[in-house]
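Per-entry structural report
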Amino acid sequence: MSRKPNRPLRPPLKKKSDAIEILDRDPRESRDSPRGARDEDAQPSRKDAHLNADPRGPRSPRPPRAGAAPAPRRPRIEGDPARHPEAHRSALGQPEAGERPARGRGPGGAQGGGRNAPTTLSEPERLQKVLAQAGIASRREIEEWVVAGRISVNGLPASLGQKIGPGDRVKVNGKLIPLRFTQRSPRVLIYHKPEGEIVSRDDPEGRPTVFERLPILRKGRWLAVGRLDFNTSGLLLFTNDGDLANKLMHPRYELEREYAVRILGELTEEQVKSLTEGIQLEDGAAKFNLLRDEGGEGANHWYRVTISEGRNREVRRMFEAVGLTVSRLMRVRYGSVELPARLKRGMWMEMPEAEACALAGLPPPQQSRQQDQRDKRPVKLHRTQPR
């Protein structure tokens, strides 16, 4: 007699009717599905069902590149565009084709200052000003080039006072000049010129020039602010901004130059009066704004004088006009810039950016804490050999 297995009895399985199967579905699934859709077209109610919600069906993943790590998969959230992973890009805006994103912007879109974060000029500027700011030459030299026909704008000869914009093509001697309509913080060098150097780039006699000791600029060139004679020493300024150079040298600004003068002999009261009230020279009248006795020993006597113009050898010629010879001449101040006592002959230093902006009449640059700490450090002095 066979023994029956000890198994519980289960009722036979019955196939659900269509009506009972519809009632067992998730009500949210029935609301999302279109009316009249067949059962086999309904989306499954799984947690990752939204991944296959594309009407074209689930896409096959692309094969990974050789040696590349698999990238994390970002879910696509349908319905609410604010919950899309890339929603912040459309809210902030994307740069157009060919447009580079701005650098140096702080909170609220404020643009920081500095030489590497220029401020864009909104209106066209005069040709002389744009080329001078680019360090091509000074304004006076550019005006001479325009008159000589050496500068063209959009294939036509340039004219004095002509304004140019970002879309204009400017050529100097047939060479296209890349111009950026931006206003950068100017660079200013303070140089202690020794005797025996000429303030010129080319000298027929082959004498050493002051430009041989200066650092090399990648763009533009150094412009000398005024001149000093071959036998005159002292403060000499250089800048890469032609507009600033024109402002410091133009006679209408009347910036004072202060000199320490050593003469053979001593001035009388009549000579002092004629030098301070005005004396006639070959190229017009001239006078000292201030003449102060600084003492001396033996035949040499020192004086401190100030003058508001910088004609050729003007200080020497004024003393020669009263019958005295200048044995040594040294410039110690130009406008608001004084010759530092620790800057020895043949050495140069770069003016801090904030002071250079103040000298040019520009707003001070917005700097970070690290840059502020760097500016508080003493300025580095450089001693270079002629190249």
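Here the residue numbers are simple positions, counted from 1 along each chain's written sequence. Selection of residues for local features in this predicted model requires a pLDDT of at least 70, selection of side-chain atom pairs for listing and counting requires 80 or more, and totals for whole chains, interfaces and linings are taken over all residues. In computing side-chain properties, one takes all heavy atoms of the structure into account and sets aside hydrogens as well as water.

Description of the overall build of the protein chain
- Tallying secondary structure elements over the protein chain gives 10 helices and 20 strands in all.
- Within the protein chain, contacts between residues at least 6 apart in sequence are counted, and of these 65% link residues at least 24 apart.
- Each accessible area is a Shrake-Rupley result for a 1.4 Å probe, and residues are judged covered by the shown protein chains and nothing else. Approximately 27,200 Å² of the protein chain is accessible, and the part contributed by carbon and sulfur atoms is 49%. We count a stretch as a helix when DSSP gives it H or I for four or more residues in a row; a strand needs E for two or more, and each element gets its number in order from the N terminus. Note on definitions: a residue-residue contact is assigned when non-hydrogen atoms from the two residues lie within 4.5 Å.

Considering the nonpolar core
- Judged by nonpolar contacts, the single largest core of 33 residues is most densely connected at Phe238, Val261, Leu267, Leu275, Phe288 and Phe319.
- Of all the secondary-structure elements, those providing two or more residues to this core are strand 9 (188–193), strand 11 (233–239), strand 12 (257–264), strand 13 (279–281), strand 16 (300–307), helix 8 (314–321) and strand 17 (326–334).
- Beyond its immediate sequence surroundings of up to four residues, leucine 275 is in contact with Leu267, Lys287, Phe288, Leu291, Met318, Phe319 and Val322. By nonpolar core is meant a set of buried Ala, Val, Leu, Ile, Met, Phe, Trp, Tyr and Cys residues that side-chain atoms within 4.5 Å join together. Accessibility here uses a 1.4 Å probe with only protein chains present; expressed as a share of the type maximum, an area under 20% marks a residue as buried, one over 50% as exposed, and anything in between as partly exposed.

With respect to the confidence of the model for the protein chain
- pLDDT: the predictor's confidence for each residue, scored from 0 to 100. Mean pLDDT over the protein chain stands at 76; residues scoring 70 or higher make up 63%.
- Residue range residues 30–45 is modelled with pLDDT below 50. Its contacts to residues more than four positions away, or to other chains, number six contacts.
- Below pLDDT 50 for its whole length, residues 49–53 participates in eight contacts with residues either more than four positions away or in separate chains.

Structural notes on the sheet that holds strand 4 (residues 156–157)
- If you walk across this open sheet you meet the four strands as 4-3-6-7, and the pairing is antiparallel. Strand pairing shows two members of the sheet lacking a second neighbour, strand 4 and strand 7 (175–176), which therefore form its edges.
- The pairing criterion for strands is at least two bridges between them, as found by DSSP. Bridge count for strand 3 (residues 151–153) against strand 4 is two bridges, and the pairing is antiparallel. Bridge pairing in strand 4 places valine 153 opposite leucine 156.

So, the pairing of strand 15 (residues 290–295)
- Examined bridge by bridge, strand 15 and strand 16 share five bridges and lie antiparallel to one another. Paired with leucine 290 across the two strands is threonine 306, which belongs to strand 16.
- The loop that links strand 15 with its antiparallel partner strand 16 comprises four residues; one of these, glycine 298, has a positive phi angle of about 65°.

Focus on the packing of aromatic side chains
- Working definition: rings of Phe, Tyr and Trp (its six-membered ring) pair if their centres are within 6.5 Å, and the pair is stacked with planes under 30 degrees apart, edge-to-face with planes over 60 apart, and tilted otherwise. Across all of its chains, the model carries three aromatic pairs by this definition.
- Taken together through their ring pairs, the aromatic side chains of Tyr191, Phe211 and Phe238 make up a single cluster.

What to know about the pattern of salt bridges
- Between Lys or Arg on one side and Asp or Glu on the other, a salt bridge is scored when a side-chain nitrogen of the former is within 4 Å of a carboxyl oxygen of the latter. Applying the stated criterion across every chain yields a total of 19 salt bridges.
- Notably, a salt bridge pairs arginine 311 with glutamate 309, separated by 2.9 Å at the nearest N-O pair.
- Glutamate 309 gets classed as partly exposed once you look at its relative accessible area, which sits at 30%.
- Taking the shortest distance from any N to any O, the salt bridge between glutamate 314 and arginine 311 comes out at 3.1 Å.
- Overall, glutamate 314 belongs to the buried group, its relative accessible area being 3%.
- With a relative accessible area of 22%, arginine 311 lands in the partly exposed category.
- Residues participating in the shared-partner salt-bridge network are Asp283, Glu309, Arg311, Glu314 and Arg317.

Structural notes on the environment of glycine 155
- Among the structural elements, glycine 155 can be located in the loop between strand 3 and strand 4.
- Sequence separation between glycine 155 and valine 170 is 15 residues, and the spatial gap between their C-alpha atoms is 8.2 Å.

Considerations on unusual backbone geometry
- Phi angles above zero are rare outside glycine, and asparagine 173 is one such case at about 55°.
- In this fold, asparagine 173 is placed in the loop between strand 6 (170–172) and strand 7.
- Look at asparagine 173 and you get exposed, because its relative accessible area is 52%.
- Phi at arginine 313 is positive, roughly 50°, even though this residue is not glycine.

As for the pairing of strand 9
- Across the six residues of strand 9, six count as buried, placing the element largely inside the fold.
- Neither face of strand 9 is exposed, since Val188, Ile190 and His192 on one face and Leu189, Tyr191 and Lys193 on the opposite face are all buried.
- In the sheet, strand 9 pairs with strand 11 via six bridges, with the strands oriented antiparallel. Of the residues in strand 11, the one forming a bridge with isoleucine 190 is leucine 237.
- The sheet contact formed by strand 9 and strand 19 (residues 347–350) spans three bridges and is antiparallel. When the sheet's bridge partners are listed, leucine 189 is paired in strand 19 with glutamate 350.

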